[in-house]
Each structure stands twice: as structure tokens, then as C-alpha cells.
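Coordinates in review
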Amino acid sequence: MKLTWKNFTIFAFFLSLLASCGGGSSTPDGGGVPVAQGSASSPVSISLSTPYAGSVDKTISYYRIPVTAGSIYKITVTAMTDDVDLAVWRTNLWSSDALGCTSGNLNLIDEQCEATATQTALYIQVLGGFTNAGAFFTLTVTPVLPAAPAGVIAIAGNSQVTVSWSPVSDATSYNLYFSQTSGAGKGGTKIAGVTSPHVHTGRTNGVTYYYVVTSVNANGESVASAQVAATPVAALTLPQSFNFDNGTLQGWSATGAWGVTSAAGYFTSSPYSVTDSPNVNYSNNANTSITSPVFDLTGAVSPTLSFYHEYSIETFDRGYVEVSTDGGVTFVDVTPIVDGYVGEIFSFANVAIDLSSFKTSSVVIRFRLQTDWNGVFDGWYIDDISITN
Ligand SMILES: [Ca+2]
Ligand SMILES: [Ca+2]
Ligand SMILES: [Ca+2]
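Residues numbered from 1 in each chain as written. Chains lettered and ligands numbered in written order. Predicted model: local features only at pLDDT ≥ 70, side-chain atom pairs only at ≥ 80, totals over all residues. Heavy atoms only, no water.

In this model, the chain carries an average pLDDT of 79, and 71% of its residues clear a pLDDT of 70 or more. Every residue in residues 1-36 is under pLDDT 50, and counting partners more than four places away or in other chains gives 102 contacts. Between residues 47-59, whose pLDDT stays under 50, and residues either more than four places distant or in other chains, the model counts 62 contacts. (pLDDT = per-residue confidence, 0-100. Contact = heavy atoms within 4.5 Å.)

Pasting the structure below:
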């Protein structure tokens, strides 16, 4: 059967256990439809699209749930009045085919697990330990939606915005929503099937656009990502400078924890600099950045990027300075140290980077910190960035 689900709970059924029956007939409970209790060789087939309520005898129950192969499901048994255990299989009901989604804690009342369906059905065995008269439980199979994209960034360009995000492992595609109203979320105009980075052209300079991104897989669409915003502008002419001393990013776009800091001593112009991880160490497995507005370098004689910085970057982590000539879709490394900044300098140093090779372009500049799986230091402080001609 084709399954198209819009909500989390796909089906639930209630089984009222009549302990007093002693293994004989089963009767409806709460108006539900009685169902024969399945066996290992002949499980009861349950439609995900049809809520079921019925009653079965105590002891062991088997169910076959049609699902979409490759999708992830969360299986929950909530035992209202007695203990149950849960086991989920793939193509049959023998342990050699187990999905590794077996719960056997005899002392727990509620049991749940997640499993990726490798076939078109999940076989679920609910093991009863039912001794109380009238014991019943709820079994729920819930398609797990993909996570919302993280690391979303919107870079303003001339009449365009470039929106990027980090990939989501179990997503098969992404939707982008935009609006001129903050907070519109998934109520904005939808662009389906986008890939990162997406260049949103045809924008009006001076107008602020708000974006969210969603992940999509066979189970449906994720919740919206965090909102990002950008205001397209004609490329800035040189010279430009940024001291961050009004406590804002002054038009730079941040991912991760990048932001201004007024920590004493961590600036060259008071009271703010910009840093990857204000007040804390950076995170493992981070790839975060700040990206500048667009600068028009055409006609510049000797365009130069200058900044002051100090840093504490662990042996296997790196800071990079990068330039994009396509509005933030692709970047080239212009860090004046081979393989990026690493190690520690504890007083601000001035850096000048020749941008002459970009004289025919409009560019955006990015400071990016990339970290590995282990070992976190304070990070990278940058202040008084300028681009001169
Ligand atoms: Ca400053
Ligand atoms: Ca590290
Ligand atoms: Ca830090």
C-alpha cells in the first residue's frame, strides 16, 4: 500500500486484556473491533492507515505492519496497567532476522525503540506479562521525520541571496521557504527540491527576505530550520571597514556560535571583536563561519584584506580565510598560512592579504573554523577587518 503520512502518529490500537477469560474468547473493548491474536507463523496484519481498537487474550501477540522500506520508525508500547516487552523483526519472526530493536526489560512499563525498515513490513511481537484483570496497552508505530537542516546561512548579494545549509543524513531532498515577513516559516513561498547552496535570484535590493529550510524523506517533511534573513544590496564599493564596536556583526552572516564579544582584552578596537565561540570553547566537529557582504573589487588598484586576530586552535583544528566570487556558492582558500591557522597566539597580530587576483570580481570573504572530533580550545578572535583598494 502507498503510505503518505502528514503527522506523527499513524496508528494506535488498544488491547484490553481479559485475564479472567483464561485463554478463551476475546471480546471488543471500548467499541473496537475484535481481532484474532496472531501467531509467529500467522501474524495479524495491521493497516497503518486504520486506527485499530480491539482486545486479545493475554500471553503473546504478533503483528505485521506494512511500512516503507528505508524509512525509520519509532515503535512504542505503553503498558497502562501491566508490563509488556517489545520485539521487532524484519522479514519474519525469527531472531536471526532481528533489527536490533528488541526491548526486554521486564521491569519497565513503557517500551520503545527505533528501527529502519529494511523490508516493506515490520513484524512486531508484544510479549505479555499480563496478570492483572483488565490490563491493556497502546502500540504506536511512528514514522520518524528527518531532522531540520542546521547551519543555515543567507548571504546577501546584488539582487540575490545565497542560502546554504548542512546536509541532513536521512533527508532525500530539501524545501526552501521565503517571505518578506519575519516568522512566516513554512507559510512562506515554497521552492521545492532545492540543493545547498541555493542562489535565490530576482530579489529587490533593500528588501529583507526571511528564509527557512526543511528536510524531506519518505516519511514526510521536517519542521522548519532556524530562520535566517538577508537584505540584497548592490556590491559595496571600497574601502570598507568593520570594527564590530556597535555590538553587531555589521552585515556579516554567521553560522554556529559566531558572534561579537566584549570580553576584556579580546579586541583591538573597544569594546567588541568577533569570535567563533563567545565566552566558551568551541565545539567538536564544528564547521562554522562568518561571511561578509559583497564587495565590488572591479577597478581597484591593489585590493587588500586586512584584519587583526589572535587565536587558540587545537592541533587538529583549523581557521581559514576564504574568498568567493560567485556570491558564496564556492570559496577559495586565501589563508596566508599553508593549511590554515592552528596553534596559539595570545596578542593581536595584523594580517594583510592581497586580493589582486580578484580585481575583476565582486567577492564575499569568509572566516571559517573547522574542528575535529576531539580537543576543544577557546577559538579565534578577529577585529578591525578592512578591505581597501
Ligand atoms: Ca572592535
Ligand atoms: Ca580538535
Ligand atoms: Ca571561545
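Turning our eyes to something else, we now look at the coordination of the calcium ion (ligand 3). Protein-derived ligands of the calcium ion (ligand 3) are Ser277 (O), Ser277 (OG), Val280 (O), Asp378 (O) and Asp378 (OD), with the metal-ligand distances lying across 2.2 to 2.4 Å. Sequence spacing of the donor residues for the calcium ion (ligand 3), all on one chain, is S-x2-V-x97-D. With Val280 in the loop between strand S23 (273-275) and strand S24 (287-291) and Asp378 in the loop between strand S30 (362-370) and strand S31 (379-388), this residue pair connects regions lying 98 residues apart in the sequence. (Donors = N, O, S within 2.8 Å, 3.2 Å for Na, K, Ca; no water. Helix = DSSP H or I, 4+ residues; strand = E, 2+ residues; numbered from the N terminus.)

Here the calcium ion (ligand 1) is held by Asn243 (O), Asp245 (OD), Ser269 (O), Ser269 (OG), Tyr272 (O), Asp383 (OD) and Asp383 (OD), and the distances to it run 2.1 to 2.5 Å. The motif formed by the donor residues of the calcium ion (ligand 1), counted along the single chain, is N-x1-D-x23-S-x2-Y-x110-D. In this pair, Asp245 sits in the loop between strand S20 (240-242) and strand S21 (253-254) while Asp383 sits in strand S31, placing the two residues 138 residues apart along the sequence. Across this residue pair, the class does not change: Asp245 and Asp383 are buried. (Buried < 20%, exposed > 50% of the residue type's maximum accessible area, 1.4 Å probe, protein only.)

What follows is about the nonpolar core. In terms of nonpolar packing, the biggest core is built from 31 residues, with Phe307, Val321, Ile365, Phe367, Ile385 and Ile387 touching the most fellow members. Mapped onto this core, the elements with two or more residues apiece are strand S26 (304-313), strand S27 (318-324), strand S29 (343-354), S30 and S31. Once residues lying within four places of it in the same chain are set aside, the contact partners of Ile385 are Gln240, Ser241, Phe242, Phe244, Trp252, Leu305, Ser306, Phe307 and Phe367. Counting residues in each nonpolar core, the second largest holds 17 residues, with Val161, Val163, Val194 and Val213 among its members. (Core = buried A, V, L, I, M, F, W, Y, C linked by side-chain atoms within 4.5 Å.)

Moving on, we come to the pattern of salt bridges. Following the criterion strictly, the structure yields four salt bridges and no others. Ionic pairing is found between Arg366 and Glu322, a salt bridge with its closest N-O pair at 2.8 Å. Here Glu322 lies in strand S27 and Arg366 lies in strand S30, a separation of 44 residues in the sequence. Across the salt bridge formed by Glu322 and Arg368, the nearest N and O atoms sit 2.9 Å from each other. A residue pair is termed long-range when its members are at least 10 positions apart, and Glu322 in strand S27 and Arg368 in strand S30 qualify at 46 residues. Each of the two residues, Glu322 as well as Arg368, counts as buried. (Salt bridge = Lys/Arg side-chain N within 4 Å of Asp/Glu carboxyl O.)

To continue, consider the sheet that holds strand S11 (residues 153-157). Pairing in this open sheet of three strands is antiparallel, and the strands run S11-S12-S15 from one edge to the other. Each edge of the open sheet is held by one strand with a lone partner, namely S11 and strand S15 (198-201). Going from strand to strand, the sheet's axes swing by 20° on average, the running direction of each strand aside. Across five bridges, S11 lies against strand S12 (residues 160-164) in antiparallel orientation. Looking at the pairing, Ile155 lines up with Thr162 of S12. (Pairing = 2+ DSSP bridges. Axes fitted to C-alpha atoms, helices over the stretch in contact; angles between N-to-C directions.)

With that settled, the discussion passes to the pairing of S30. For S30, the buried fraction is high: seven of the nine residues fall into the buried class. Bridge analysis of S24 against S30 gives five bridges, and the strand direction is antiparallel. Its bridge partner lying in S30, Ser289 is registered against Arg368. Alignment of strand S25 (residues 295-296) against S30, held across two bridges, turns out to be antiparallel.

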